[in-house]
Amino acid sequence: NSCRQYCILNTQQLDAVIFEDELTVEPYPDDCAGCNYTGAFVFKATAPGTDTILLNVREMSASCFELDGEPEMYIINVRDMNN
């Protein structure tokens, strides 16, 4: 929903990946301001290792760090491509 937005809580604490961009994958219809859209966060692998991405859903006017509940956690494993 375009009134609420995902945000990343821990971009500065990542070691194996870096945040690159936020993209709109499927925009809301032109004649429907406020309708749902699909977005994506893009990360780039920088080193072998494991990172945990912490996402929060926030109101557009709120800070990313104003939590109503537990953040969503996504574990990313980056393998050494030379082995």
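A brief look at the structure comes next.

About the thresholds
- Residues numbered from 1 in each chain as written.
- Predicted model: local features only at pLDDT ≥ 70, side-chain atom pairs only at ≥ 80, totals over all residues.
- Heavy atoms only, no water.
- Helix = DSSP H or I, 4+ residues; strand = E, 2+ residues; numbered from the N terminus.
- Rg over C-alpha atoms; globule rule 2.2 N^0.38 Å.
- Buried < 20%, exposed > 50% of the residue type's maximum accessible area, 1.4 Å probe, protein only.
- Areas by Shrake-Rupley, 256 points an atom, 1.4 Å probe, with all protein chains shown as cover.
- Lys, Arg positive; Asp, Glu negative; His and termini not counted.
- Charge placed at Lys NZ, Arg CZ, Asp CG, Glu CD.
- Disulfide = S-S within 2.5 Å.
- Pairing = 2+ DSSP bridges.
- Axes fitted to C-alpha atoms, helices over the stretch in contact; angles between N-to-C directions.

1. Description of the overall build of the protein chain
Assigned secondary structure in the protein chain consists of zero helices and five strands. Across the protein chain, helices and strands are ordered from the amino to the carboxyl terminus as β-β-β-β-β. Rg of the C-alpha trace for the protein chain: 15 Å, well past the compact-globule value of 12 Å for 83 residues, more than 25% over. With respect to the principal axes defined by its C-alpha atoms, the protein chain has extents near 50 × 30 × 15 Å. Going through the 83 residues of the protein chain one by one, you find that 20% of them count as buried. In the structure as shown, the protein chain presents an accessible area of about 6,200 Å², 49% of it carried by carbon and sulfur atoms. Computed over 4 positive and 14 negative side-chain charges, the inter-centroid distance for the protein chain is 5 Å.

2. A look at the state of the cysteines
Scanning the model with the defined rule gives one disulfide in all. Covalently, C7 is tied to C64 through a disulfide, its sulfur atoms 2.0 Å apart. Between C7 and C64 the sulfur-sulfur dihedral comes to about 100 degrees; the bridge is accordingly right-handed. A residue pair is termed long-range when its members are at least 10 positions apart, and C7 in strand 1 (residues 4-8) and C64 in the loop between strand 4 (49-59) and strand 5 (72-78) qualify at 57 residues. Here C7 and C64 have matching classes, each one buried.

3. Digging into the pairing of strand 4
Two faces, one strand: in a regular strand the side chains alternate between the faces of the sheet. In the sheet, strand 1 pairs with strand 4 via five bridges, with the strands oriented antiparallel. Residue I8 lies in a different strand from strand 4, and its bridge partner there is L55. Summarising the sheet, strand 4 and strand 5 pair through seven bridges and their orientation is antiparallel. If you follow D51 over to strand 5, its bridge partner there is I76.

4. Considering the sheet that holds strand 5
Overall, antiparallel pairing links the three strands, which are arranged 1-4-5 in an open sheet. Each having just a single partner strand, strand 1 and strand 5 make up the two edges of the open sheet. Here the average twist between neighbouring strands, direction ignored, is 25 degrees.

All quantities given are derived from atomic positions and should not be read as evidence of function.
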